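Per-entry structural report
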Amino acid sequence: MPFTLATWNINSVRLRAPLVCKLLSEEAPDVLCLQECKSPVDKIPTEDFAALGYTHMIARGQKGYNGVAILSKRPIEDVGDQDFAALGHARHVAGRLEDGTVIHNFYVPAGGDVPDREVNVKFGQKLDYLTQMRDWFHAERPARSILVGDLNIAPREDDVWSHKQLLKVVSHTPVEVEHLNDAMQAGGWADVTRADIPEGQLYSWWSYRARDWDAADKGRRLDHVWATQDIAGAAHSSRILRPARGWDKPSDHAPVFATFDL
DNA sequence: ATGGTGGGAAACCCA
């Protein structure tokens with residue numbers, strides 16, 4: 001059975017519940033992973049999603065910040081969360097579908113403005129988070145697993161509007177890219193989106209601060225879909241729903257999709 | 001070099 005999954009940094013699941021419903025109605029992924037829900041779990045409008053067939057949800061939340069959720073048409077078992085770098089933030093949750101496929105949903109720390117851990121604690125926390133991700137996946141050796149989320153790093157030159165101009169900008173610095181690639185390698189993860197779409201500029205985020213985000217098109221690919229090698233070959237039809245960035249009162253991120261024939 | 005726009009909380013944090 002083909003299985004379609006999407007990941008979307010929603011930037012407040014309560015404010016943008018209508019946009020989540022629009023996406024679920026129009027695109028009907030089997031599973032939707034959300035980040036930056038900015039809501040305690042018990043205040044997520046689950047009834048709105050259940051009415052569209054998404055009767056299963058696993059989530060982690062806190063008041064005002066962070067928060068991750070997995071909405072599913074199929075039963076999904078909560079298999080826990082990790083608190084890398086001991087931040088006490090709701091940045092990860094994992095679930096297992098009935099066919100055994102495990103889905104990890106991550107919201108990696110953004111890392112602040114200055115890419116130097118000596119002067120910016122948040123940048124150090126971001127690197128530590130990625131290092132602990134690496135160590136955990138090295139120990140776990142995940143199989144039949146999918147990892148999605150807002151990883152807050154655009155690793156490739158063609159994942160940003162200007163490689164040269166972003167080399168010292170948090171999200172595209174060489175040290176962050178190295179940490180991300182180490183975590184990826186440790187878990188045996190493959191970049192599904194780039195395996196599917198190997199050529200050309202690809203973005204999933206455009207700043208709110210641009211006068212005209214679409215015309216300026218100064219985007220970054222911060223949102224990712226990875227899979228372990230054993231199932232990466234089953235993935236196809238990856239896409240980024242750019243029009244969602246232009247919806248009314250949008251998130252600054254667009255949803256990223258992939259389909260797996262499992 | 002700077003400030004531009006958002007969300008949530010509570011009178012400032014975070015992205």
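The model shown is predicted, which means the values in this text are computed figures rather than measured ones. (Residues numbered from 1 in each chain as written. Chains lettered and ligands numbered in written order. Predicted model: local features only at pLDDT ≥ 70, side-chain atom pairs only at ≥ 80, totals over all residues. Heavy atoms only, no water.)

A few words on the UniProt feature "active site" (unreviewed entry) in chain A. Here the UniProt-annotated "active site" (unreviewed entry) positions come out as Tyr107, Asp150 and His253. The annotated residues occupy 147 residues of the chain but converge on a single region, no pair of C-alpha atoms lying more than 12.7 Å apart. Along the chain, the position of Tyr107 falls in strand 7 (residues 102-107). Once residues lying within four places of it in the same chain are set aside, the contact partners of Tyr107 are Asn9, Gln35, Glu36, Asn66, Val68, Arg91, Tyr129, Asp150 and Asn152. Polar contacts involving the side chain of Tyr107 include one to the side chain of Glu36, which spans 3.4 Å. With respect to the element layout, His253 can be found in the loop between strand 13 (235-240) and strand 14 (256-261). The class of His253 is buried, set by a relative accessible area of 3%. Those residues within four positions of His253 in sequence are excluded, and the remaining contacts are Trp8, Asn9, Asp150, Ser204, Trp205, Leu222, Asp223 and Arg245. (UniProt positions renumbered as here; feature names shortened; annotations may be inferred. Helix = DSSP H or I, 4+ residues; strand = E, 2+ residues; numbered from the N terminus. Contact = heavy atoms within 4.5 Å. Polar contact = N/O pair within 3.5 Å; in protein donor to acceptor, adjacent residues only side chain to side chain. Buried < 20%, exposed > 50% of the residue type's maximum accessible area, 1.4 Å probe, protein only.)

You can see Asn11 is positioned in the loop between strand 1 (2-9) and helix 1 (17-27). Beyond its immediate stretch of four places on either side in the chain, Asn11 contacts Arg16, Gln35, Glu36, Lys38, Tyr208, Ser251 and Asp252.

A few words now on the protein's contact with DNA strand B. Inspection of the region around DNA strand B gives 15 residues, with Ser12, Leu15, Arg16, Tyr208 and Arg209 positioned closest. A share of 65% of the atoms of DNA strand B within 4 Å of the protein falls on sugar and phosphate groups. Between a sugar or linking oxygen of DNA strand B and a main-chain N or O atom of Tyr208, the distance comes to 3.2 Å. Arg209 is positioned such that a nitrogen or oxygen atom in its side chain is 2.7 Å from a base nitrogen of DNA strand B. Considered class by class, the residues forming the surface near DNA strand B number five nonpolar, three polar and seven charged. (Near = heavy atom within 4 Å. Nonpolar A, V, L, I, M, F, W, Y, C, P; charged D, E, K, R; others polar.)

Direction vectors running N to C along helix 3 (residues 121-140) and helix 5 (residues 174-186) enclose 15 degrees, while the axes themselves pass 7 Å from each other. Taken together, the axes of helix 3 and helix 5 lie roughly parallel to each other. By crossing handedness, the relation of helix 3 to helix 5 is classed as left-handed. Residues Phe123, Lys126, Leu127, Leu130, Thr131, Met133, Arg134, Phe137 and His138 of helix 3 touch helix 5, and the partners they reach there are Val175, Glu176, His179, Leu180, Asp182, Ala183 and Ala186. (Axes fitted to C-alpha atoms, helices over the stretch in contact; angles between N-to-C directions. Parallel < 35°, antiparallel > 145°, perpendicular 65-115°, else oblique. Left-handed = near helix turned anticlockwise from the far one by under 90°.)

Okay, the UniProt feature "domain: Endonuclease/exonuclease/phosphatase" (unreviewed entry) in chain A next. The residues that UniProt annotates with the feature "domain: Endonuclease/exonuclease/phosphatase" (unreviewed entry) are residues 6-253. As annotated, residues 6-253 has a helix share of 27% and a strand share of 24%, and its two end C-alpha atoms lie 12 Å apart.

So, about the side chain of Asn105. Topologically, Asn105 is positioned in strand 7. Within polar-contact distance, the side chain of Asn105 engages the side chain of Gln35 at 2.7 Å. Excluding residues that lie within four positions of it along the chain, Asn105 makes contacts with Cys33, Leu34, Gln35, Val68, Ala69, Ile70, Arg91, His92, Val93, Val148 and Gly149.

This part takes up helix 5. For the α-helix, the turn length of 3.6 residues means that residues three or four positions removed from each other point alike. The terminal C-alpha atoms of helix 5 lie 18 Å apart, and with 13 residues this matches the ideal 18 Å at 1.5 Å per residue to within 8%. Looking at helix 5, one finds that the buried residues are Glu176, Val177, His179, Leu180, Ala183, Met184 and Ala186. On the buried face of helix 5, the contacting elements are helix 3, strand 9 (189-191) and strand 12 (223-228). (Expected span 1.5 Å × (residues − 1).)

It is worth spelling out the pattern of salt bridges at this point. Close approach of charged atoms allows side chains of opposite charge to pair. Counted by the stated rule, this structure contains 17 salt bridges. One salt bridge connects Arg60 with Asp78, and the closest N-O pair in it is separated by 2.9 Å. Of this pair, Arg60 sits in strand 3 (residues 56-60) while Asp78 sits in strand 5 (residues 76-78), and the two are 18 residues apart along the sequence. Across the pair Glu176 and Lys126 runs a salt bridge whose closest N-O atoms are separated by 2.6 Å. Taken together, the residues span a long stretch of sequence, with Glu176 in helix 5 and Lys126 in helix 3 at a distance of 50 residues. Of the two residues examined, Glu176 and Lys126, each falls in the buried class. If you follow the salt bridges from partner to partner, you end up with Arg156, Asp158, Asp159, Asp191, Arg194 and Arg221 in one network. (Salt bridge = Lys/Arg side-chain N within 4 Å of Asp/Glu carboxyl O.)

A word on the sheet that holds strand 1. The sheet built from six strands is open, its strands ordered 3-4-2-1-14-13 with mixed pairing. Looking at the sheet topology across the chains shown, the edges are occupied by strand 3 and strand 13. The sheet shows a mean angle of 15 degrees between the axes of neighbouring strands, direction not considered. As paired elements, strand 3 and strand 4 (residues 68-72) share five bridges and run antiparallel to each other. Looking at the pairing, Ile58 lines up with Ile70 of strand 4. (Pairing = 2+ DSSP bridges.)

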